[in-house]
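# Notes for the structure review
If you want the building blocks of each chain, they are given just below.
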Protein chains: 2
Amino acid sequence: MPKEARPSTGEQAKQHALTQLRQAILQGDMAPAQRLVENELAEQFDVTRASIRAALIDLAAEGLVERIRNRGSRVRVVTVEEAVAITECRMVLEGLCAAKAAVAASDEQLTELTDLGRAMTKAVADGEPVTYSELNSELHHKVREFSGQQTAVALLERLNAQLVRHRFQLALRPGRPQQSLSQHLAMIETITARDPQAAEAAVRAHLTSVIAALRD
Amino acid sequence: MPKEARPSTGEQAKQHALTQLRQAILQGDMAPAQRLVENELAEQFDVTRASIRAALIDLAAEGLVERIRNRGSRVRVVTVEEAVAITECRMVLEGLCAAKAAVAASDEQLTELTDLGRAMTKAVADGEPVTYSELNSELHHKVREFSGQQTAVALLERLNAQLVRHRFQLALRPGRPQQSLSQHLAMIETITARDPQAAEAAVRAHLTSVIAALRD
DNA sequence: CCAAACAAGATTGTCAACAATTTCGTCCGC
DNA sequence: GCGGACGAAATTGTTGACAATCTTGTTTGG
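Residues numbered from 1 in each chain as written. Chains lettered and ligands numbered in written order. Predicted model: local features only at pLDDT ≥ 70, side-chain atom pairs only at ≥ 80, totals over all residues. Heavy atoms only, no water.

A few words now on the overall build of chain A. Of the regular secondary structure elements, chain A holds 10 helices and 3 strands. Going residue by residue from the N terminus, the α and β elements of chain A occur as α-β-α-α-β-β-α-α-α-α-α-α-α. Considered along the principal axes of its C-alpha atoms, chain A spans approximately 55 × 45 × 35 Å. Burial analysis of chain A (216 residues in total) assigns 45% to the buried set. Considering only intrachain contacts with a sequence separation of at least 6, the fraction spanning at least 24 residues in chain A is 72%. When the accessible surface of chain A is split by element, carbon and sulfur atoms take 51% of a total near 11,300 Å². Here chain A contributes 26 positive and 28 negative side-chain charges, whose respective centroids are spaced 7 Å apart. (Helix = DSSP H or I, 4+ residues; strand = E, 2+ residues; numbered from the N terminus. Buried < 20%, exposed > 50% of the residue type's maximum accessible area, 1.4 Å probe, protein only. Contact = heavy atoms within 4.5 Å. Areas by Shrake-Rupley, 256 points an atom, 1.4 Å probe, with all protein chains shown as cover. Lys, Arg positive; Asp, Glu negative; His and termini not counted. Charge placed at Lys NZ, Arg CZ, Asp CG, Glu CD.)

Below is the structure:
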């Protein structure tokens, strides 16, 4: 059994580096458009440069970083226009997932959704935007999970990863939670009612509102 | 100026290898589930193993090949279920593109579509399924292009790459062209009428029919 | 005769040094 | 004082060799 405390060297160092780096970017530890120097990252995460390199290539494929030949890597900045385009894709794909979930989810899973709806209502009433934002993510995640649509889920995860900054910014806007709560509850209602078309429409209405908010 | 006749060594050898390999897979030169040995491919394409390796990693990110640790790469086989799931995603994303295209396309571009529709009608009347299949791809491609939705287009290209085998199989089925022609013409009509909702509905109807056909 | 262990071959994963390219500071000529 | 060119430092890209791992064929004991 190899010592796991210091995964500096190769076995799954790449995976380690990739996970660390991805989370660092998603949490905003790296400033937008910041240069990512391979040597620095290698020393920082205590892995070899090759591992960092492989991780950066993977992240570039995910759209989280941008690589320019002989010029290095930067964290990719998503313009508002791109964020809108991405959210439009999210809209149709999550609509598909919701419609599927309305048909495929089990009764226990539908109960989870109604519980989540109550928790979200409470979070808004108590004026806790952070909690609400977390529950929001959980709701979207559960809908995707219940749909059983692996392909769409994979695509959505990639798309969402590129939006963390804009999303975060949006969640803290005053008055926004109240505005989106009713839309979220409508999503839950239509899915638990096992009405695919209504569920898709509800998701679309919600994300159309998100797009409008994104545009300021 | 370096000699371009023998791009064996590294500069853009990776790109060369990647393109070659991708086309080989898409054209079906590689049997499904065939093992892809890095050394063999390196010799076959006359590039270094590192280039082949990088190309395989990229193709894995595209979903065209499957990589298992210490066990090599294989061309990924898409089951019918997966093909259906992928086509469902295509359905909503192409629906989005069609709706966008109905609004964003220029008048010249709409003319291209009507011309394409006439050509498709003629191909069916003349009983040329191969020509029809090519025009079919061209139509879908143009709709995506005219939408201006870069994100959706990128996702769709990835999805379509995984379906070539099933698509090919489907196009040669007797009676299928006649069946899909009217749906394609409906797509063209609704887009040229600049009616986003009808265009999306037409695309969905078409791909719903494709899904049904996929299931045999 | 069969099963399990073993060994040889093949294949992929990793690493460290080297080469190519870009960037930035400096110097020279005008 | 200013523009362009040269050169050094920094950074990425590539190569070849080595190590780890898996597969396959053979042998040995029951």
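We are not done yet, so read on.
The next point concerns the domain arrangement of chain A. All names here are of chain A. Under the domain assignment, chain A is made up of domain 1 (13-75) and domain 2 (80-214). Measuring from the centre of the C-alpha atoms in domain 1 to the corresponding centre in domain 2 gives 29 Å. Contact with domain 1, which involves 9 residues of that partner, is made by 5 residues of domain 2. Summed over both sides, the interface between domain 1 and domain 2 buries roughly 510 Å², with carbon and sulfur atoms accounting for 51% of that surface. Contact with domain 2 buries area across many residues of domain 1, yet Leu26, Glu62 and Leu64 alone supply 57% of it, more than any other trio. Our enumeration of links across domain 1 and domain 2 arrives at 0 salt bridges. (Domains from an automatic or database assignment. Buried area = accessible area lost by both parts, 1.4 Å probe. Salt bridge = Lys/Arg side-chain N within 4 Å of Asp/Glu carboxyl O.)

Residues and elements named next belong to chain B. For the pair helix H4 (residues 80-104) and helix H7 (residues 150-161), interaxial distance at closest approach is 10 Å and the crossing angle is 150 degrees. Taken as axis vectors, H4 and H7 run roughly antiparallel relative to one another. The handedness of the crossing between H4 and H7 is left-handed. Here Ile86, Cys89, Arg90, Leu93, Glu94, Leu96 and Cys97 of H4 lie close against H7, whose contacting residues are Ala152, Leu155, Leu156, Leu159 and Asn160. When grouped by side-chain class, the residues that make up the contact of H4 with H7 number 9 nonpolar, 1 polar and 2 charged. (Axes fitted to C-alpha atoms, helices over the stretch in contact; angles between N-to-C directions. Parallel < 35°, antiparallel > 145°, perpendicular 65-115°, else oblique. Left-handed = near helix turned anticlockwise from the far one by under 90°. Nonpolar A, V, L, I, M, F, W, Y, C, P; charged D, E, K, R; others polar.)

For the rest of this paragraph, the subject is the pairing of strand E3 (residues 72-75) of chain A. Residues and elements named next belong to chain A. Going residue by residue along E3, you find Ser73 and Val75 tucked away on one face and Gly72 and Arg74 left uncovered on the opposite face. Bridge analysis of strand E1 (residues 35-36) against E3 gives 2 bridges, and the strand direction is antiparallel. The partner of leucine 36 across the bridge, within E3, is serine 73. Sheet topology note: the strand E2 (residues 65-68)/E3 ladder contains 4 bridges and is antiparallel. Looking at E3, one finds that valine 65 is bridged to valine 75. Between E2 and E3, which pair antiparallel one after the other, the connecting turn spans 3 residues, and asparagine 70 there sits at a positive phi close to 60 degrees. (Pairing = 2+ DSSP bridges.)

This brings us to the environment of Pro174(A). Residue and element names in this part refer to chain A. Here proline 174 lies in the loop between helix H8 (164-171) and helix H9 (176-192). Its relative accessible area of 77% is what places proline 174 among the exposed residues. Sequence-wise, proline 174 and proline 129 are 45 residues apart; in three dimensions their C-alpha atoms are separated by 8.9 Å.

Turning our eyes to something else, we now look at the sheet that holds E1(A). Residues and elements named next belong to chain A. Strand order in the open sheet formed by 3 strands is E1-E3-E2, with antiparallel pairing between adjacent strands. Lying at the two open borders of the sheet, with one neighbouring strand each, are E1 and E2. Against the sheet, helix H3 (residues 49-62) makes contact with E1, E2 and E3, and its axis sits at roughly 110 degrees relative to E2, the strand it touches most.

All right, on to the relation of the copies chain A and chain B then. Superposing chain A onto chain B takes a rotation of 180 degrees plus a shift of 0.1 Å along the axis, which leaves an RMSD of 0.1 Å. Such a combination of rotation and displacement between the chain copies is what one expects of a two-fold axis. It is Val92(A) whose C-alpha, among those of chain A, lies nearest the rotation axis, at 2.8 Å. A high fraction, 100%, of the interface residues of chain A reappear at the interface in chain B, so the copies pair face to face through one surface. (Least-squares fit on C-alpha atoms with pLDDT ≥ 70 in both.)

Turning our attention to helix H10 (residues 196-214) of chain A. For H10(A), with 19 residues, the first-to-last C-alpha span of 27 Å sits near the 27 Å given by 1.5 Å per residue. Three or more residues of H10(A) are buried, namely Ala199(A), Glu200(A), Ala202(A), Val203(A), Arg204(A), His206(A), Leu207(A), Ser209(A), Val210(A), Ile211(A), Ala213(A) and Leu214(A). Close packing links the buried residues of H10(A) with helix H4 (80-104), helix H6 (129-147), H8 and H9 of chain A together with helix H10 (196-214) of chain B. Here H10(A) starts with a cap whose side-chain oxygen sits 3.3 Å from the backbone nitrogen of Gln197(A), and that cap is Asp195(A). (Expected span 1.5 Å × (residues − 1). Polar contact = N/O pair within 3.5 Å; in protein donor to acceptor, adjacent residues only side chain to side chain.)

Residues and elements named next belong to chain A. The contact between H4 and H10 brings their axes to 8 Å, and the two run at 165 degrees. Regarding the angle of H4 to H10, the classification is roughly antiparallel. Read as a crossing pair, H4 and H10 show a hand that is right-handed. Looking at the contact of H4 with H10 residue by residue, the classes come out as 16 nonpolar, 3 polar and 5 charged.

Moving on to the interface of chain A and chain B. On the side of chain B, 21 residues touch chain A, which itself brings 21 residues to the contact. Roughly 1,700 Å² is buried in total at the junction of chain A and chain B, and carbon and sulfur atoms are behind 59% of that figure. Our count for the contact surface shared by chain A and chain B stands at 4 salt bridges. Across the pair Arg204(A) and Glu200(B) runs a salt bridge whose closest N-O atoms are separated by 2.5 Å. In this assembly, chain A and chain B are joined by 8 residue pairs in polar contact (both at pLDDT 80 or more). At the level of elements, H3, H4, helix H7 (150-161) and H10 of chain A are the ones that each hand at least two residues to the side of chain A that touches chain B. The biggest single contributor to the side of chain A that touches chain B is H4(A), with 8 residues. Class assignment for the residues of the side of chain A that touches chain B results in 11 nonpolar, 2 polar and 8 charged.

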